[in-house]
Amino acid sequence: MIIRKNDQVVLLKTITGAEGVDRRAIGKEEKGSVARVLRVDRETGRVVVEGVNYVYRHVRRSQKHPQGGRVAKEAPIHLSNVALYCGKCGGAAKVRFKINEKKDAAGKRRREVLRLCRKCGEAVGGAR
Ligand SMILES: [Zn+2]
């Protein structure tokens, strides 16, 4: 999967979430805005993006929420609504993968997977 946790992504669509939700991070849900990925679900192909798609969750009484009630929370959105953000191009990036074989201090071989922006060739996000 191209998108990973903590990546910066660009919204390709405006996603507003539930009506009437008190949004903590206003302005992140417009098409074209850039935000951080909090969670990736490989199975469903969905991502949770910081400040995007707030909905109400009804929670039971617990230590954290002694009263229970409604909590505004980001809900997952589909991967197709986001693209990796390239800081150099200042926009959505299509990426190609590059694998570097390296040897670490102990002489062990390590693979480093880089994602390079197809437009400018810059590495996007971190290596893994
Ligand atoms: Zn780029």
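Before reading on, note that the structure itself is shown above.
Residues numbered from 1 in each chain as written. Predicted model: local features only at pLDDT ≥ 70, side-chain atom pairs only at ≥ 80, totals over all residues. Heavy atoms only, no water.

## Looking at the pairing of strand 1 (residues 8-11)
Reasoning step 1: The pairing of strand 1 with strand 2 (residues 34-41) spans 3 bridges and is antiparallel. Its bridge partner being in strand 2, valine 10 is matched across the sheet by valine 34.
Reasoning step 2: With 3 bridges joining them, strand 1 and strand 7 (residues 82-86) adopt antiparallel strand pairing. Each residue of the ladder has a partner; that of valine 9, found in strand 7, is leucine 84. (Pairing = 2+ DSSP bridges. Helix = DSSP H or I, 4+ residues; strand = E, 2+ residues; numbered from the N terminus.)

## A short note on the environment of valine 124
Reasoning step 1: If you trace the backbone, valine 124 turns up in the segment after strand 10 (109-117).
Reasoning step 2: Residues within four places of valine 124 in sequence aside, it is in contact with Leu84, Tyr85, Cys86, Arg115 and Cys117. (Contact = heavy atoms within 4.5 Å.)

## Looking at the coordination of the zinc ion
Reasoning step 1: Distances from the zinc ion to its protein donors, Cys86 (SG), Cys89 (SG), Cys117 (SG) and Cys120 (SG), fall at 2.2 to 2.3 Å.
Reasoning step 2: For the zinc ion, the 4 donor atoms are set out with angles of 105 to 113° between them, so the coordination reads as tetrahedral. (Donors = N, O, S within 2.8 Å, 3.2 Å for Na, K, Ca; no water. Tetrahedral: all angles 85-135°; square planar, octahedral: opposite > 155°, others 65-115°.)

Purely spatial values, then, with no claim about function.
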